[in-house]
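Now for the letters of each chain:
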Amino acid sequence: MISQFFVLSQRGDNIVFRDYRGEVVKGSAEIFFRKVKFWKEDGQEEAPPVFNVDGVNYFHVKVVGLLFVATTRVNVSPSLVLELLQRVARVIKDYLGVLSEDSLRKNFVLVYELLDEVIDFGYVQTTSTEVLKSYVFNEPIVVDAARLQPLGPAAIFMQGTKRMPGTAVTKSVVANEPGGRKREEIFVDIIEKISVTFSSSGYILTSEIDGTIQMKSFLTGNPEIRLALNEDLSIGRGGSVYDYRSSSGAGVVILDDCNFHESVRLDSFDMDRTLALVPPDGEFPVMNYRMTQEFKPPFRISCLIEEAGHLKAEVILKVHAEFPSNITANTIVVQMPLPKYTARASFELEPGAIGQRTDFKEVNKKLEWGLKKIVGGSEHSLRAKLTFSQESHANITKEAGPVSMTFTIPMYNASRLQVKYLQIAKKSSSYNPYRWVRYVTQANSYVARI
Amino acid sequence: MAPPAQSQRSPSPSQPSGKSEVSDLKLQLRQLAGSRAPGVDDSKRELFKKVISYMTVGIDVSSLFGEMVMCSATSDIVLKKMCYLYVGNYAKVNPDLALLTINFLQRDCNDEDPMIRGLALRSLCSLRVANFVEYLVGPLGSGLKDSNSYVRMVAVIGVLKLYHISASTCVDADFPSILKHLMLNDSDTQVVANCLSALQEIWSAEASTSEEASREREALISKPVIYYLLNRIREFSEWAQCLVLELVTKYVPSDSSEIFDIMNLLEDRLQHANGAVVLATIKVFLHLTLSMTDVHQQVYERIKAPLLTLVSSGSPEQSYAVLSHLHLLVMRAPYIFSSDYKHFYCQYNEPSYVKRLKLEMLTAVANESNTYEIVTELCEYAANVDIPIARESIRAVGKIALQQYDVNAIVDRLLQFLEMEKDYVTAEALVLVKDLLRKYPQWSHDCIAVVGNISSKNVQEPKAKAALIWMLGEYSQDMQDAPYILESLVENWDEEHSAEVRLHLLTAVMKCFFKRPPETQNALGTALAAGIADFHQDVHDRALFYYRILQYNVSVAERVVNPPKQAVSVFADTQSSEIKDRIFDEFNSLSVVYQKPSYMFTDKEHRGPFEFSDELGNLSIGGEAADNVVSAQRVEENDKDLLLTTSEKEETRGSSNNGSAYTAPYDGSSTSVFALQTHIESAISNPTAADHSPQASLAIDDLLGLGLPAAPAPPSPQLKLNTTAALDPSTFQHKWRQLPVALSQVCLNTQ
């Protein structure tokens, strides 16, 4: 049971404010914002998602730079409220097409309308985009999506690659297409976030894949859908001990565990690894899964630091793409903290490098190397010459690193989990909606120690 | 009801007060009120939107109330909704004008469109004006019987709203029993869920005054109701499922087969993508199996994978909520999670609040087989750019060393930390080495070699400096330079800002003196002189005490200040097991995230009277009372301090043992303290000692180079006070507490 719900902009302005029970002081939004902004004097630490000030519990989640906040005096389930906040953000996004400060401000009346139906007197009534359709009467005012920061992992399809229709992720569930007719289509995205830690000698210390099969349906008439995964997919490993040797022969995908959306029926899942569901409107995760089975990391990172004379050192970073050459990773950023006493860094890119940038962040003494894209099989390197402001006593390698990396690789999935087919129950012989199955792999925590 | 929050504060210059805009709006609304021109609804929409947006940013638009109501005569549902929102916000402050809305709201409650009926009923109940309750009863009554489930859903919550405005009206209209009937019979599960929410609130509030209500509340967790809800659980929305599951945790099954039936039924809820549903289910499982040890452990095994999956899917905020619960379970049963330690490794981009939980979990699950890996990993974090986390990683290593296995290797690592030459790493490591030595004195040889190499100039943090000084004092016989390092520290007495460090310095110099008198003699004299002149009353007292006890008898002084120590076997736990159990009982609530039971952060009105008295009872029970109080205070501290407390607490104890001087009378358990007390008492009761046998005094002064002119002589009034002290312990303590204030004032005056 919550008492208030509000959305604050990055600057702390109320964009939406709804008081459901009148039990919490009116100035709560200000109290909250001040607390979050000045959590620790040094500004180094973030405020936790849940905290208590004067008997009022404040919950918040950050979505596209906005703060979605709920307050209550009661000892509620934190999971419930945080899930709810995230869900409210998703429902709003379903309606507005794009979630941003601008779109919220333009559509705040619609948002109030949604909030009235989602929560009554602090109790959740429904968060189903579909059910809400019958209660919501405002038409969304669509904002220009191209200029905005995209939301959510699926939004990466808007960048770079032209293979996918970018509109899907920014399309409102209620707005009509310019032609007045809705396009029958369904998107299934397999999004994998990978975490790998390499030891200083290049061994894999830990690795994990956290995946989601996300669906966004624009099909009318709620047809049933069957989604077939790898037939040899197996779930659950004997105990959950990391044991890289036990991963059996090629092709077999072993998930540690997974969970499913409410609408998914698993009647034949054990037999043929098929999920059956009637997809609700809007965006939702069909299945989340987790895998610690060994997989081939998409990049190998190597880093060499050498002293190069008095108060000088040289860093050589190499990144090798281990995936096939028909696949291209994009928006790659490699970061590495340098010794605190680094005064200057000059960079030397490989000859003929295009779309690369380098930066030395003075404030936190970080080296940053950005690459627009990396084609599978290729190797790139960077040479950085460091100048120190003081003599180093200790080993430089202990003062620098680790090297971390973020990237996005479309049409690639590290787990080899696949959607073998996507079957839509036919209404008529001419009914043939568009089906999009897309894969993407992103770095979550990709770290090489030096 | 909502945004006008900031309207009370004076408008800041940067924000327009909106006065002219509001009067402008007023005019425009008036013009539109009576108009029936085509397109008038669209213009109204625009105006209404403006009003609502002003309301949101905090401009007071309550003066438009009349106009808004006049304009609300429309069939346009979007307009109606905006008007309802407005009315709901301002009715409470404008009860007279709000009366105007009753009419049209009541009319809308009978509209043929169920949507309008529901909306109107919701708004009617949201007015929160006590005088209006008579207008609510009729529409609510028919709303509960409405053929449309949306209207019933709204009406049920409406009953709860009415209860909060006027409990007696609600009860007199017999609404609770209607809700009960609906709960058990309605076809719509959201209606059922709302009935359950409403009844739980109403009956819990009534239970304190009405026995019937408390019976009804108990009836909610009776077998028929629970089974009825459980059998329909899949029809409920995910949020309502959480509600039902929470209720089920309160149900006490009659036998184990019932327990297994319920668990069987709920098994698949563990695969739900919504973390709240999974946690609610886990709570049911954990509570049902509390008395069945084997099964309880199997439940831990079963829920491990789903919890780990939830932690790694979803937003950072969601995963934090789940991780907090995982943390609780790991702390309860570390052995079950010891093979999963790699899941608790920190990722470089995680927020500090997540890393902190993970560090604690890593510490807890360390055992023979994984300690090496865990400590290796923690050592990586020690070099982390995130300094607070680096510090805590080092503390974690120390904790593992203190309670776990393979101490040998860990000691090596700690010593490596000391060689890293990062000041915060050195500081943390020093504190740890000190604690380690208190538990494993046999390691002193290795540690001392390294500690001896640390220049005290590189150690600035009070805690670390105190630790270093303690070691210098304690192991001065093994450290060649100890007296000289101490001496140089004593020479810089005035630059030492931390009283804690000065206290430790006094004690360390004393200990060193007993072991190596000729080399320390000078330093001790200077230290005592400086200490007696110190304006900090504790430092002053301790110095004075040392001085006198040395005067009285040096060998007694040695027995008091440097008695043989026993190794510490177990360091005190931060939280009492009772508090931990309480938090476990409150699984899937904020208690778990805050790591304290709800009575510590929920105010009285939101806590049942039962729980409160319960709490008092616990605190006053038996010999553990003091312990409880301490833990309670400890828990109040933030997370960071929680991590600190073990060592800190020990530290305070340590200092009370080292220089037992002034905390001693409060700690009756230590033998040295008894000795001390008797000595003090005899010293004080003994007129010769108190009178300063001049010879003895001079002798010791000579020995310490403490010539009367050099040291400010202890002002005479204090001695008189001492001679007159009564020996009844409580009076003594009382005096003891009063004494320093007077003394330090005198000292200040003399300076």
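Scoring rules and cut-offs
Residues numbered from 1 in each chain as written. Chains lettered and ligands numbered in written order. Predicted model: local features only at pLDDT ≥ 70, side-chain atom pairs only at ≥ 80, totals over all residues. Heavy atoms only, no water. UniProt positions renumbered as here; feature names shortened; annotations may be inferred. Helix = DSSP H or I, 4+ residues; strand = E, 2+ residues; numbered from the N terminus. Contact = heavy atoms within 4.5 Å. Areas by Shrake-Rupley, 256 points an atom, 1.4 Å probe, with all protein chains shown as cover. Buried < 20%, exposed > 50% of the residue type's maximum accessible area, 1.4 Å probe, protein only. Pairing = 2+ DSSP bridges. Axes fitted to C-alpha atoms, helices over the stretch in contact; angles between N-to-C directions. Salt bridge = Lys/Arg side-chain N within 4 Å of Asp/Glu carboxyl O. Buried area = accessible area lost by both parts, 1.4 Å probe. Core = buried A, V, L, I, M, F, W, Y, C linked by side-chain atoms within 4.5 Å. Phe/Tyr/Trp six-rings, centres within 6.5 Å; stacked < 30°, edge-to-face > 60°. Lys NZ or Arg CZ within 6 Å of the ring centre and 35° of its normal. Polar contact = N/O pair within 3.5 Å; in protein donor to acceptor, adjacent residues only side chain to side chain. Expected span 1.5 Å × (residues − 1). Domains from an automatic or database assignment. pLDDT = per-residue confidence, 0-100. Parallel < 35°, antiparallel > 145°, perpendicular 65-115°, else oblique. Left-handed = near helix turned anticlockwise from the far one by under 90°. Nonpolar A, V, L, I, M, F, W, Y, C, P; charged D, E, K, R; others polar.

With an unreviewed UniProt entry as reference, chain B is termed Beta-adaptin-like protein, source organism Durio zibethinus. Listed under Sequence similarities (unreviewed entry) in UniProt, the entry text for chain B is "Belongs to the adaptor complexes large subunit family." Quoted straight from UniProt, the Function (unreviewed entry) entry for chain B says "Subunit of clathrin-associated adaptor protein complex that plays a role in protein sorting in the late-Golgi/trans-Golgi network (TGN) and/or endosomes. The AP complexes mediate both the recruitment of clathrin to membranes and the recognition of sorting signals within the cytosolic tails of transmembrane cargo molecules."

If you check an unreviewed UniProt entry, chain A appears there as AP-4 complex subunit mu-like from Durio zibethinus. Here is the UniProt Sequence similarities (unreviewed entry) comment for chain A, exactly as written: "Belongs to the adaptor complexes medium subunit family." In its Subcellular location (unreviewed entry) section, UniProt records this for chain A: "Endomembrane system".

1. Considerations on the overall build of chain A
Counting its regular elements, chain A contains seven helices and 25 strands. In chain A, once contacts between residues fewer than 6 apart in sequence are set aside, the share between residues at least 24 apart is 69%. Here chain A displays about 18200 Å² of accessible surface, and carbon together with sulfur accounts for 50% of that area.

2. Considerations on the overall build of chain B
On a plain count of helices and strands, chain B comes out with 41 helices and zero strands. The buried share among the 751 residues of chain B stands at 58%. Long-range pairs, those at least 24 residues apart, make up 68% of the contacts in chain B between residues at least 6 apart in sequence. Accessible area for chain B stands at about 31300 Å²; split by element, carbon and sulfur atoms hold 53% of it.

3. Let's talk about the sheet that holds strand β13 (residues 257–260) of chain A
Residues and elements named next belong to chain A. Strand order in the open sheet formed by nine strands is β13-β15-β9-β8-β25-β23-β18-β21-β20, and the pairing between neighbours is mixed. Looking at the sheet topology across the chains shown, the edges are occupied by β13 and β20 (356–361). Pairs of neighbouring strands in the sheet enclose a mean axial angle of 15 degrees, with direction left out of account. As paired elements, strand β23 (residues 403–410) and strand β25 (residues 434–448) share six bridges and run antiparallel to each other.

4. Quick notes on the pattern of salt bridges
All names here are of chain A. The final tally for this structure, using the stated rule, is 60 salt bridges over all chains. For R34, the salt bridge is made with E30, and the minimal N-O distance between the two is 3.5 Å. You can see R34 and its partner E30 sitting in helix α1 (residues 28–37), four residues apart, about one turn around the helix. Residue R34 is classed as partly exposed on the basis of its relative accessible area of 49%. Using a relative accessible area of 31% as the deciding quantity, one classes E30 as partly exposed.

5. Some details on the interface of chain A and chain B
On the side of chain B, 94 residues touch chain A, which itself brings 92 residues to the contact. With both sides pooled, the region where chain A packs onto chain B buries about 7900 Å², and carbon together with sulfur makes up 54% of that total. Viewed at the interface, chain B and chain A are joined by ten salt bridges. As a salt-bridge pair, K81 of chain B and E113 of chain A come within 2.9 Å of each other at their nearest N and O atoms.

6. Considerations on the nonpolar core
With 276 residues, the main nonpolar core has F68 of chain A together with Y86 and F417 of chain B as its most contacted residues. Not counting the four nearest positions on each side in its chain, F417 of chain B is found in contact with C379, A382, I394, V397, V425 and A429 of chain B. Formed by 70 residues, the second largest nonpolar core is a distinct cluster that contains L219, M287, F295 and Y439 of chain A.

7. Describing the packing of aromatic side chains
Here the structure, examined in full by the defined rule, presents 32 aromatic pairs over all chains. When the centroid spacing of 5.7 Å and the interplanar angle of 25 degrees are considered together, the rings of F51 of chain A and Y58 of chain A count as stacked. The structure contains a cluster of three or more aromatic residues connected by ring pairs, namely F6, F17, F32, W39, F51 and Y58 of chain A. Just above the ring of F269 of chain A sits the side chain of R273 of chain A; from NZ or CZ to the centre is 4.8 Å. Across from the ring centre of F535 of chain B, 5.9 Å away, lies the NZ or CZ of R502 of chain B, which sits over that ring.

8. Considering the pairing of strand β15 (residues 282–291) of chain A
All names here are of chain A. With ten of its ten residues buried, β15 lies for the most part within the structure. Looking at chain direction, strand β9 (residues 204–217) and β15 are connected through nine bridges and run antiparallel. Bridging across to β15, S217 finds its partner in G282. Where β13 and β15 come together, four bridges link them in antiparallel fashion.

9. Some thoughts on the environment of G55 of chain A
Take G55 of chain A: it is sitting in the loop between β3 (50–53) and β4 (56–63). You can call G55 of chain A buried: its relative accessible area is 11%. Dropping the residues within four chain positions of it, G55 of chain A is found in contact with T72 and R73 of chain A together with F601 and D603 of chain B.

10. Considerations on the side chain of Q214 of chain A
Inspection of the secondary structure assignment puts Q214 of chain A in strand β9. Reaching out from Q214 of chain A, the side chain makes a polar contact with the side chain of E283 of chain A at a distance of 3.0 Å.

11. A look at helix α2 (residues 40–57) of chain B
Its 18 residues place the ends of α2 of chain B 26 Å apart at the C-alpha level, agreeing with the 26 Å of an ideal helix rising 1.5 Å per residue. Within α2 of chain B the residues assigned to the buried category are V40, K44, L47, F48, V51, I52, Y54, M55 and T56 of chain B. Contact partners of the buried residues in α2 of chain B: β2 (14–19) and α4 (108–118) of chain A together with α1 (19–33), α3 (65–71) and α4 (77–90) of chain B. Looking one or two residues beyond α2 of chain B, the residue adopting positive phi is G58 of chain B, at roughly 105 degrees.

12. Regarding helix α26 (residues 462–474) of chain B
End to end, α26 of chain B covers 18 Å across 13 residues, agreeing with the expected 18 Å (1.5 Å per residue, within 8%). Among the residues of α26 of chain B, those classed as buried are A464, K465, A466, A467, L468, I469, W470, M471, L472, G473 and E474 of chain B.

13. Thoughts on the domain arrangement of chain A
The assigned domain composition of chain A is domain 1 (4–133), domain 2 (184–239 + 248–295 + 412–448) and domain 3 (299–410). For domain 1 of chain A versus domain 3 of chain A, the distance between C-alpha centres works out to 39 Å.

14. Concerning the sheet that holds strand β17 (residues 312–321) of chain A
All names here are of chain A. One open sheet holds the four strands; their spatial order is β16-β17-β22-β19, and the pairing between them is antiparallel. Lying at the two open borders of the sheet, with one neighbouring strand each, are β16 (299–307) and β19 (342–349). The sheet shows a mean angle of 20 degrees between the axes of neighbouring strands, taken without regard to direction. Pairing geometry for β16 and β17, over nine bridges, is antiparallel. Looking across to β17, one finds that R300 is bridged to H320.

15. Considerations on the environment of A543 of chain B
Residues and elements named next belong to chain B. Along the chain, the position of A543 falls in helix α30 (residues 537–552). When the C-alpha positions of A543 and L503 are compared, they lie 8.5 Å apart, and in sequence the two are 40 residues distant. For A543, the residues in contact, after removing those within four places along its chain, are L506, L528, G531 and I532.

16. What to know about the confidence of the model for chain A
Residues and elements named next belong to chain A. Taken residue by residue, chain A gives an average pLDDT of 85. The fraction at 70 or more is 88%. In the predicted structure, residues 158–168 sits below a pLDDT of 50 and forms 19 contacts with residues beyond four places in sequence or in another chain. Taken together, the stretch residues 238–249 has pLDDT below 50 and engages in 21 contacts with residues farther than four places along the chain or on a different chain.

17. Details of the packing of helix α27 (residues 482–491) of chain B against helix α29 (residues 517–532) of chain B
Residues and elements named next belong to chain B. Contact geometry for α27 and α29: axes closest at 9 Å, N-to-C directions at 20 degrees. Viewed along their axes, α27 and α29 adopt a mutual orientation that is roughly parallel. Of the two possible hands of crossing, α27 and α29 adopt the one that is left-handed. Contacts from P483, Y484, E487 and V490 of α27 reach α29 at E519, T520, N522, A523, T526 and A527. Of the residues that constitute the contact of α27 with α29, the class distribution is five nonpolar, three polar and two charged.

18. Observations regarding the confidence of the model for chain B
Residue and element names in this part refer to chain B. In the predicted model, chain B carries a mean pLDDT of 77, and 77% of its residues have values of at least 70. Confidence over residues 1–15 falls short of pLDDT 50; this stretch has 32 contacts with residues more than four positions distant or in other chains. Segment residues 707–729 is flagged for pLDDT under 50; beyond a separation of four residues in sequence, or across chains, it makes 24 contacts in the model. Predicted complex, confidence summary: ipTM 0.88, pTM 0.80.

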